[in-house]
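Listed below, chain by chain, are the residues.
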Amino acid sequence: MSGATIIDGKAIAVRLREDVAAAVARLGREHGVTPGLAVVLVGEDPASEVYVRNKGRETRAAGMASFEIKVPATTSESALLEIVGELNRRADVDGILVQLPLPPHIDQGRVIEAIDPAKDVDGFHPINAGRLATGQPALVPCTPLGCIMLAKSVQPDLAGLEAVVVGRSNIVGKPVAQLLLAENCTVTIAHSRSRSLPEIAARADLLVAAVGRPELIRGDWIKPGAIVIDVGINRVPGEGGKTRLVGDVHFEDARHVAGAITPVPGGVGPMTIACLLRNTLVAAAARRGVALAV
Ligand code: GUN
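To keep things clear, this report deals only with the structure shown in the data block. (Residues numbered from 1 in each chain as written. Predicted model: local features only at pLDDT ≥ 70, side-chain atom pairs only at ≥ 80, totals over all residues. Heavy atoms only, no water.)

**What to know about the overall build of the protein chain**
When helices and strands are counted, the protein chain shows 10 helices and 11 strands. Scaling as 2.2 N^0.38, a compact globule of 294 residues should have a C-alpha radius of gyration of about 19 Å, and the protein chain matches this with 19 Å. The principal-axis extent of the C-alpha atoms belonging to the protein chain is close to 55 × 45 × 35 Å. For the protein chain, with 294 residues in total, the buried portion stands at 48%. For the protein chain, the proportion of contacts with a sequence separation of at least 24, taken over those separated by at least 6, is 67%. Of the roughly 13,600 Å² that the protein chain leaves accessible, carbon and sulfur atoms contribute 52%. (Helix = DSSP H or I, 4+ residues; strand = E, 2+ residues; numbered from the N terminus. Rg over C-alpha atoms; globule rule 2.2 N^0.38 Å. Buried < 20%, exposed > 50% of the residue type's maximum accessible area, 1.4 Å probe, protein only. Contact = heavy atoms within 4.5 Å. Areas by Shrake-Rupley, 256 points an atom, 1.4 Å probe, with all protein chains shown as cover.)

**Details of the state of the cysteines**
This structure, assessed with the given rule, holds 0 disulfides. Between Cys-185, a cysteine without a disulfide, and Cys-147, which holds the nearest cysteine sulfur, the sulfur-to-sulfur distance is 12 Å. Exposure remark for Cys-185: the relative accessible area of 6% places this residue in the buried category. This cysteine, Cys-275, is not joined by any disulfide, and Cys-142 carries the nearest cysteine sulfur, 6.2 Å off. By relative accessible area, Cys-275 is classed as buried at 0%. (Disulfide = S-S within 2.5 Å.)

**A word on the site of the ligand**
Near the ligand you find Leu-97, Val-98, Gln-99, Leu-100, Asp-122 and Phe-124, and these make up its full shell. Between the ligand and Val-98 there is a distance of 2.8 Å, counted from a nitrogen atom to a backbone nitrogen or oxygen. In this structure, a nitrogen atom belonging to the ligand sits 2.6 Å away from a side-chain N or O atom of Asp-122. For the ligand, whose unbound accessible area comes to 280 Å², protein coverage reaches 76%. Of the residues assigned to the shell around the ligand, the class counts are 4 nonpolar, 1 polar and 1 charged. (Near = heavy atom within 4 Å. Polar contact = N/O pair within 3.5 Å; in protein donor to acceptor, adjacent residues only side chain to side chain. Nonpolar A, V, L, I, M, F, W, Y, C, P; charged D, E, K, R; others polar.)

**Remarks on the nonpolar core**
One finds Leu-180, Leu-206, Val-208 and Ile-229 to be the most contacted residues of the largest nonpolar core, which totals 55 residues. When residues of this core are traced back to their parent elements, those giving at least two are helix 1 (9–31), strand 2 (36–42), helix 6 (142–154), strand 5 (162–166), helix 7 (173–182), strand 7 (206–209), strand 8 (227–230) and helix 10 (269–287). Sorting elements by how many residues they give to this core places helix 10 first, with 10 residues. Contact partners of Leu-180, with chain neighbours within four places excluded, come to Ile-148, Leu-158, Ala-163, Val-165, Cys-185, Val-187, Leu-206 and Val-208. Among the nonpolar cores identified, the runner-up in size contains 19 residues, and Val-164, Ala-190, Leu-197 and Ile-217 belong to it. (Core = buried A, V, L, I, M, F, W, Y, C linked by side-chain atoms within 4.5 Å.)

Have a look at this one:
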């Protein structure tokens, strides 16, 4: 058995970050602009702290300005809306990311809607979601954008493919389905309540797994030769009392059936921050009316 091409998300993310850094340098040279990304962290969730620290480091490494705003978990919704309003007004801030999840006393939707859509580098604002759905220029959510880039790394033209997205979240499932539609795929969105999930998945030339269920998708759900993009990051018990990360796809079985597959870790994960940097660059250029080729 020859086995699938393993899609190296880490290497593709490195190349994207290099392209972004080169474009940032050009923007500085030719237009005197340094893109700035503000990340807001409410509370002290350790996983979120790690993400925020990594985002700051990568932002600076790409030549952009990084602003970290950390406030306690007890911050009121109105105080957070004030912070977002201030970042909307700041000329040196091109991108605003409010780290999710937020504490339960804060209405996530209200905070997302308070972000200036032109600075919404997460692409979560309903204006950007609507623009994506209607084929207008939009800031596009980072993980879905990374999924499309990884699929295109093995098949540059996705037109006409039968694409199945398993998962319907606003952050991944729905936007990745919109992006696949824009690539001229025939798109099915399935989810945990779909009947006959294995049969639906088996139709896919391109399968995107984003349900958050460890190894739900088995080898025999996969059409031979399909491209499999695994968005899942699930921590499960491993050997010797340790934990290990697995995706939503049973990788060891799937790799013998698929044509190409992303590993977990090292697949979609590294693309998310790289796409965030790309979105910050795009937002900085768009806000200043500068044309970009990225
Ligand atoms: N928390 C985990 N992933 C993300 C993300 O992509 N954006 C935001 N804002 N919060 C997150």
